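# Notes for the structure review
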Amino acid sequence: MADSFAKKQSIKNKALKQKEKDKKKADRKLHNNKGKGFDSMIVYVDENGHFTDTKPEPKLETPVVRSAPRYFKKQN
């Protein structure tokens, strides 16, 4: 029995969708981002609040020397 025009179009559309689906699947497989290391996921924030991939250089801070509070009496 002969296929109708609508059935032929339906078969053609299914084949086209499957072809696009296979193309997307191959593209996802090619550009797979899973399994990368933890270091590639880390993002640092600089002093201006912008995100960067490089680790900032540590600042050399001088310690603050504080004197004793005034309400403590010195013992001789």
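Refer to the structure above for everything that follows.
Now for a quick tour of the structure. (Residues numbered from 1 in each chain as written. Predicted model: local features only at pLDDT ≥ 70, side-chain atom pairs only at ≥ 80, totals over all residues. Heavy atoms only, no water.)

Turning our eyes to something else, we now look at the overall build of the protein. Check the secondary structure of the protein and you find 1 helix and 2 strands. Of the regular secondary structure in the protein, the N- to C-terminal order runs α-β-β. Every one of the 76 residues in the protein was classed for burial, and the buried ones make up 0%. Approximately 8,900 Å² of the protein is accessible, and the part contributed by carbon and sulfur atoms is 55%. (Helix = DSSP H or I, 4+ residues; strand = E, 2+ residues; numbered from the N terminus. Buried < 20%, exposed > 50% of the residue type's maximum accessible area, 1.4 Å probe, protein only. Areas by Shrake-Rupley, 256 points an atom, 1.4 Å probe, with all protein chains shown as cover.)

Time to look at helix 1 (residues 5-30). Taking 1.5 Å per residue, 26 residues should reach 38 Å; helix 1 reaches 38 Å between its end C-alpha atoms and fits that length. Summarising burial for helix 1: 0 of the 26 residues are buried, a small minority. (Expected span 1.5 Å × (residues − 1).)

With that settled, the discussion passes to the pattern of salt bridges. Inspection of every chain in the model, using the stated rule, returns 1 salt bridge. Where Asp 3 meets Lys 7, a salt bridge forms, and the shortest distance between an N and an O atom there is 4.0 Å. Judged by its relative accessible area of 47%, Lys 7 is partly exposed. (Salt bridge = Lys/Arg side-chain N within 4 Å of Asp/Glu carboxyl O.)

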